[in-house]
Amino acid sequence: MKRMLALLATCATALGLTTLAVPQAVAATGCKVDYTVTSQWAGGFQAGVKITNLGDPVSNWTLKFTLPDAGQKLTQGWNATWSQSGSTVSATNLDWNRTLATGGSTDLGFTGTFTGSNPKPSAFTLNGVACTGDIGGEDPTDPGDSTPVGTNGQLHVCGVNLCNQYNRPIQLRGMSTHGIQWFSKCYNNASLDALAKDWKSDLLRIAMYVQEQGYETDPAGFTSRVNSYVDMAEARGMYALIDFHTLTPGDPNYNLDRAKTFFASVAARNAAKKNVIYEIANEPNGVSWTAIKNYAEQVIPVIRAADPDAVIIVGTRGWSSLGVSDGSNETEVINNPVNATNIMYAFHFYAASHKDNYRAAVSRAASKLPLFVTEFGTVTATGGGTFDRTSTTAWLDLLDQLKISYANWTYSDANESSAAFKPGTCNGTDYSSSAVLTDSGALLKSRISTPDSFPTS
Ligand code: IDC
């Protein structure tokens, strides 16, 4: 962006445009804010705020931004005149830093108090203009960066929707890993660059199996691998869905103690991040909704104690089918919801196995329950078999229309038709060319890479 501005300025000068008298010329505006918490202690913090002017020179300025929760308060600031009204903080220039040239910047700072997890402020404006400028990648989660996390910030549930920092409904579209105990070779800088940049994926679901050589065999090792994938997603501005991948046995209560230990650890470690969503039980099966709800009501408080503001997703009965695969339906959840706020319910489908009656359940449930399709396949429920383009397209059209977020099984080169990459792909370095994609991968890449147009006001 900086280079482009310089280039435009050079062209304008070369063309003599600066001397043209343009009636009613509109001043170019734009700004970027780099916000950094420089230190934090119990209940208090200090932050640096760097303003960069990307528009025409300004000779007086006021920076405004919104503190993220009612508990946050400005204590004192420097290098500007600071004030707070409600949750809005204003900082007006002092005499020595009143002018900001194009590309010029100034550093401010403040101390404040906070409750909760101390997320970053939002809605930075300079003289009333939103600071959405991005002059290149120091921190992709900065407000103003154009990545999914940079644009949407900390998510929350509003009504039946997933909402962004502007309280507007959004849909996240992305991919799930395969079991990280088997496919770690598929998750590296090159593959995640391709996911973020070529696929333009909004999220990475991190499928941490609990059994089948997963978490239970090495809790510390798997916890640290999950954390490093969270960081790799964050560095690329993607959301990270931490999936406690229970499958067999199907009763999540079998893993209740493991879940509490795992989530206490990952929630404490990732509390300050904006990109983390927790999925507490992949696919409960052979177990009642009451038992699942009881599990959820024990695990959710453990996460909330460490990370109060993150969205949490609860699996549903019958392999997260809202009960449909067990001959039940969504009413068992609607009539007996989990006693917690800021949560969503998981719905999973495999397009070649689950068709109209499952789509009907989702259509009915979508106006009553916040739903997140944390896993689906384009194939049969075995993860293999027929790739069903027609049913997958019907599903994705429905999810788009209902703004239901989704992650596809799998971003891997497993030798099964649900995998996005052909077998052997993860032994190489090419994750971008069409030659490495399966039919399923090609369809998903074409669906996920279309523009998101997330609302920003
Ligand atoms: C499958 C994998 C397969 C693995 C099997 C058992 O694709 O390679 O051998 O699990 O671990 C789910 C599960 C998901 C399944 C997937 C396909 O969440 O773990 O993965 N599936 O069967 N629910 C419905 C389908």
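None of these values were measured; they are calculated from a predicted model. (Residues numbered from 1 in each chain as written. Predicted model: local features only at pLDDT ≥ 70, side-chain atom pairs only at ≥ 80, totals over all residues. Heavy atoms only, no water.)

**Here's the deal with the overall build of the chain**
Scanning the chain from N- to C-terminus turns up 11 helices and 20 strands. Expected size for 457 residues packed as a compact globule is a radius of gyration near 23 Å; at 24 Å, the chain falls within 12% of this value. When its C-alpha atoms are laid out on the principal axes, the chain stretches across 70 × 50 × 40 Å. Across the 457 residues of the chain, 54% fall into the buried class. Within the chain, contacts between residues at least 6 apart in sequence are counted, and of these 75% link residues at least 24 apart. Here the chain displays about 18100 Å² of accessible surface, and carbon together with sulfur accounts for 53% of that area. (Helix = DSSP H or I, 4+ residues; strand = E, 2+ residues; numbered from the N terminus. Rg over C-alpha atoms; globule rule 2.2 N^0.38 Å. Buried < 20%, exposed > 50% of the residue type's maximum accessible area, 1.4 Å probe, protein only. Contact = heavy atoms within 4.5 Å. Areas by Shrake-Rupley, 256 points an atom, 1.4 Å probe, with all protein chains shown as cover.)

**Description of the sheet that holds strand E8 (residues 122–126)**
Spatial ordering of the open sheet is given by E5-E6-E3-E8-E9, a layout of five strands whose pairing is antiparallel. Lying at the two open borders of the sheet, with one neighbouring strand each, are strand E5 (81–85) and strand E9 (129–130). (Pairing = 2+ DSSP bridges.)

**What about helix H4 (residues 219–235)?**
Owing to its 3.6 residues per turn, the α-helix brings residues three or four apart onto one side. Between its first and last C-alpha, H4 extends 24 Å over 17 residues, near the 24 Å set by a 1.5 Å rise per residue. Those residues of H4 not exposed but buried are Phe222, Thr223, Val226, Asn227, Tyr229, Val230, Met232, Ala233 and Glu234. Where H4 is buried, its residues contact helix H3 (189–198), strand E14 (203–209), strand E15 (239–245), helix H5 (256–270) and strand E16 (276–279). Residue Gly237 follows H4 closely and has a positive phi angle near 70°. (Expected span 1.5 Å × (residues − 1).)

**Thoughts on the state of the cysteines**
A full pass over the atoms with the stated rule returns three disulfides. Between Cys31 and Cys131 runs a disulfide, and the two sulfur atoms are separated by 2.2 Å. Residues Cys31 and Cys131 are joined through a disulfide that is left-handed, its torsion about the S-S bond being -95°. One end of the pair, Cys31, is in strand E1 (residues 31–41); the other, Cys131, is in the loop between E9 and helix H2 (148–152), and 100 residues separate them in sequence. Like Cys131, Cys31 is buried. Each sulfur of the disulfide joining Cys158 and Cys163 lies 1.7 Å from the other. A relative accessible area of 21% places Cys158 in the partly exposed class. Taking the relative accessible area as the measure of exposure, Cys163 reaches 0% and is therefore buried. In the chain, numbering the disulfide-bonded cysteines from first to last in sequence yields the connectivity 1-2, 3-4, 5-6. (Disulfide = S-S within 2.5 Å.)

**So, the nonpolar core**
One recurring pattern in soluble globular proteins is that nonpolar side chains are buried together. If you look at the biggest cluster of nonpolar residues, it comprises 82 residues, and the most contacted ones within it are Trp199, Phe263, Tyr278, Ile280 and Val314. In terms of residues, this core owes the most to one element, helix H6 (residues 289–306), which gives eight residues. If we ignore the near neighbours within four places in the chain, the residues touching Val314 are Ile280, Trp289, Ile292, Ala296, Ile300, Val338, Ile343, Met344, Tyr345 and Ala346. Core analysis: the second largest hydrophobic core is formed by 24 residues, Cys31, Tyr35, Ile51 and Val89 among them. (Core = buried A, V, L, I, M, F, W, Y, C linked by side-chain atoms within 4.5 Å.)

**Let's talk about the site of the ligand**
In the vicinity of the ligand lie 15 residues, with Tyr209, Glu212, His245, Glu283 and Glu416 positioned nearest. Contact between the ligand and His178: an oxygen atom at 3.1 Å from a side-chain N or O atom of the residue. Contacts to the ligand include Glu375, whose side-chain N or O atom sits 2.9 Å from an oxygen atom. Computed on the free molecule, the ligand has an accessible area of 500 Å², of which 79% lies beneath the protein chains in the complex. (Near = heavy atom within 4 Å. Polar contact = N/O pair within 3.5 Å; in protein donor to acceptor, adjacent residues only side chain to side chain.)

**A short note on the side chain of Thr410**
With respect to the helices and strands, Thr410 occurs in the loop between strand E20 (406–409) and helix H11 (439–448). For Thr410, a relative accessible area of 0% corresponds to the buried category. Within polar-contact distance, the side chain of Thr410 engages the side chain of Ser412 at 2.8 Å. Beyond its immediate sequence surroundings of up to four residues, Thr410 is in contact with Met175, Ser176, Thr177, His178, Ser418, Ala419 and Ala420.

**Here we look at the confidence of the model for the chain**
The pLDDT averaged across the chain works out to 91; a share of 92% of its residues lies at or above 70. Below a pLDDT of 50 lies the segment residues 1–23, which in the model reaches six contacts outside its immediate sequence neighbourhood of four places, other chains included. (pLDDT = per-residue confidence, 0-100.)

**Concerning helix H9 (residues 356–365)**
Here H9 has its buried residues at Tyr358, Arg359, Ala361, Val362 and Ala365. End-on view of H9: buried residues confined to an arc of 155°, all on one side of the axis. On its buried side, H9 packs onto strand E18 (343–350), strand E19 (371–377) and helix H10 (389–402). (Arc of directions from axis to C-beta.)

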